[in-house]
Amino acid sequence: MLDQYTQSVLIFMGINVILALSLYLPISAGLLSLGQGGFMSIGAYTSAYLTLNLAWPFALALAAGSLAAGIVGLLVGFPALRIKGVYLIILTMGFGEIVRVFFLNFEPTGAASGLGGIPGHTTLPLLSVIAVAVLTDFWQLRRSRIGRAIAAVREDELAAEITGISLTRVKVTVFAIGGALAGLGGGLYAHYASFIDPAQFGFQRSAEIFVMVLLGGMGNFFGATLGAFTVTLLPELLRFLQDWRMTFFGTLLVVMMIVRPWGIVGARR
Amino acid sequence: MLEQQLLNGVMLGSTYALIAIGYTLIFGVLHLVHLAHGEVFMVGAFAGLAAVKFTGGDIFTALVVGTAASALVGALVELLAIRPIRRRKGHMLAPMISTIGVGIVLQEVVARTFGAEQVGFPHRMEPVSWHVGSVTVTSLQLLILGVSIVLMVALHLFVTRTKLGMAMRATAEDAGIAHTLGIRSERIVLLTFVIASGLGGAAGVLVGLAFNAISPFMGIDMGIKGLVAMLLGGLGNIYGAMAGGLIIGLAEVLSVAYLASSYRDAFAFVIMIAVLLLRPRGIFGSTHYVEA
């Protein structure tokens, strides 16, 4: 069997793949978000509260957390119809902060001191099944009607609308499903970490997810997956640098953007 | 009580305005959200702290050193982390990811040098306070307000009266045409980073003085609020950024005084989302960037 350390690295890798894909979906329709940490914390807190305090079965709690994040994603998706680019990035950053401040003050989930003692339901086999299922969905999506609609919206909104694609439906749907996926990742994270507090889902988390997708390459979902692997593994491989590993990681990001701005496997556009 | 709150709000808002101006200047010339600007601000605060410790509490030296250190860091960021990417004409988001990397590096380097904990900001200034009606003004508040106003007026004069300032506005308007007209846009971009970062550094020292507490991770919160202030004013608009900073500062102080204090950090964002929904271009912005 795998030792504890390898197992935990693999679990974080699986969770990060789900998180990266949760952002890849809106990005593939041209919607940028720097607030995935907010959706993640909604999923984490909801599912953890349900298993911890109401003794819900894990699967049901996970689904509820994901659903809650998806509904919030739907609400955030509507403003996204009117604004784009930089405005959307800052709006989603603001959303992430609002969620963080909310949980920082929300007494039922422990406010600033966090929520501890969450049962460790997330196991490697279970996570592998979920991650593979999500990846399969993304594989299926590529050539599907919806997948093509998403690509059309990204390439040219006006042309997409003329061919009969409902912009509203596509944009709001990808935001909501993205939110639900991030919520799923959050729920899985909470039931592995066993302790969560609002600081874990702040801007740094959102930026990390953003980096995964862009580092891997925005062209297809392999890129996001590879980006998630890289962002999980690299700090582990850099452990020999000890205190300076994050500094090195940051420098590497800069160098990577200079050398391969389109990402590891992304298409040059 | 209201007058006192308004004064506090204006003081806090003027520091946000300085940060927001930095964002908006950089956005103006490069259309880039400089995600490490909050960290550049934080470097200014720590450079100021080092100067204060070295001189035994002299505020003036701290301000100069903080501004200079941030300006230098800002120039290095442009030269090392942004210019090479622009040269290669990468994806429009590549420079933004690069600034995330820069932010991590700056946080870590400062945390290794000064420690990751929150530290105080000792200074040697006579704690004088005046009473005007029901309002109490301390010498420190007056200094913060005074320095912010001087810097903003200086910036206004620079961009409207000097040749370099006009070249900067021309580059922000249309970099291609400005270049054709003989403006060395590369130099202007570098100059913009120096000015924007210098203002951020000054704000860092002022915030250190105001709260008497700085930490290597303070750049994140302040950076996001600065971004919100920029957005409220309209992207690329210097005067909008000033107004946006004041609005955020006032909203924050008034929400603490009259609403729930623990949610103070969320109010700025609620205002932002409301403005974005009603008027996506910001309060003073043009539709220039909304369509892009």
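Each value, and the rule that gives it
Residues numbered from 1 in each chain as written. Chains lettered and ligands numbered in written order. Predicted model: local features only at pLDDT ≥ 70, side-chain atom pairs only at ≥ 80, totals over all residues. Helix = DSSP H or I, 4+ residues; strand = E, 2+ residues; numbered from the N terminus. Rg over C-alpha atoms; globule rule 2.2 N^0.38 Å. Buried ≥ 20, exposed ≤ 12 C-beta atoms within 10 Å, placed from the backbone. Contact = placed C-beta atoms within 7 Å. Axes fitted to C-alpha atoms, helices over the stretch in contact; angles between N-to-C directions. Parallel < 35°, antiparallel > 145°, perpendicular 65-115°, else oblique. Nonpolar A, V, L, I, M, F, W, Y, C, P; charged D, E, K, R; others polar. pLDDT = per-residue confidence, 0-100. Left-handed = near helix turned anticlockwise from the far one by under 90°.

Looking at the overall build of chain B
Check the secondary structure of chain B and you find eleven helices and two strands. Helices and strands in chain B line up, N terminus first, as α-α-α-α-β-β-α-α-α-α-α-α-α. Taking 292 residues into account, the globule formula puts the C-alpha radius of gyration at 19 Å, and chain B, at 19 Å, falls close to it. Along the longest, intermediate and shortest principal axes, the C-alpha atoms of chain B span 55 × 45 × 35 Å. Within the span of chain B, comprising 292 residues, buried residues form 53% of the whole. When contacts within chain B are restricted to residue pairs at least 6 apart in sequence, long-range pairs at least 24 apart make up 76% of them.

Observations regarding the packing of helix H6 (residues 163-173) of chain B against helix H8 (residues 185-211) of chain B
Residue and element names in this part refer to chain B. Orientation of H6 relative to H8, taken along the N-to-C sense of each, is 105 degrees, at an axis distance of 10 Å. Overall, the two elements H6 and H8 adopt an arrangement that is roughly perpendicular. Of the residues in H8, those touching H6 at Leu-164, Ala-167, Met-168 and Thr-171 are Ser-185, Ile-188, Leu-191 and Thr-192. Partitioned by chemical class, the residues of the contact of H6 with H8 number five nonpolar, three polar and no charged.

Quick word on the confidence of the model for chain B
With 96% of its residues at a pLDDT of 70 or more, chain B shows a mean pLDDT of 86. Both scores are available for the predicted complex, with the pTM at 0.86 and the ipTM at 0.82.

Topic: the packing of helix H2 (residues 36-53) of chain A against helix H9 (residues 167-193) of chain A
When two helices pack together, their arrangement is captured by the angle between the axes and the distance separating the axes. All names here are of chain A. Running from N to C, H2 and H9 point in directions that differ by 50 degrees, and their axes come no closer than 6 Å. Between H2 and H9, the interaxial angle falls into the category oblique. Viewed along their axes, H2 and H9 form a crossing whose handedness is right-handed. Across the interface between the two elements, Gln-36, Phe-39, Met-40, Ser-41, Ile-42, Gly-43, Ala-44, Ser-47 and Ala-48 from H2 touch Gly-179, Ala-182, Gly-183, Leu-184, Gly-185, Gly-186, Gly-187, Tyr-189 and Ala-190 from H9.

Focus: the environment of Phe-284 of chain B
Residue and element names in this part refer to chain B. Structurally, Phe-284 is set in the segment after helix H11 (264-278). The partly exposed category is assigned to Phe-284, around which 17 C-beta atoms lie within 10 Å. Note: C-alpha distance between Phe-284 and Leu-12 (272 residues apart in sequence) is 21 Å. Not counting chain neighbours up to four residues away, the residues in contact with Phe-284 comprise Gly-233, Gly-234, Asn-237, Tyr-239, Gly-240 and Ala-243.

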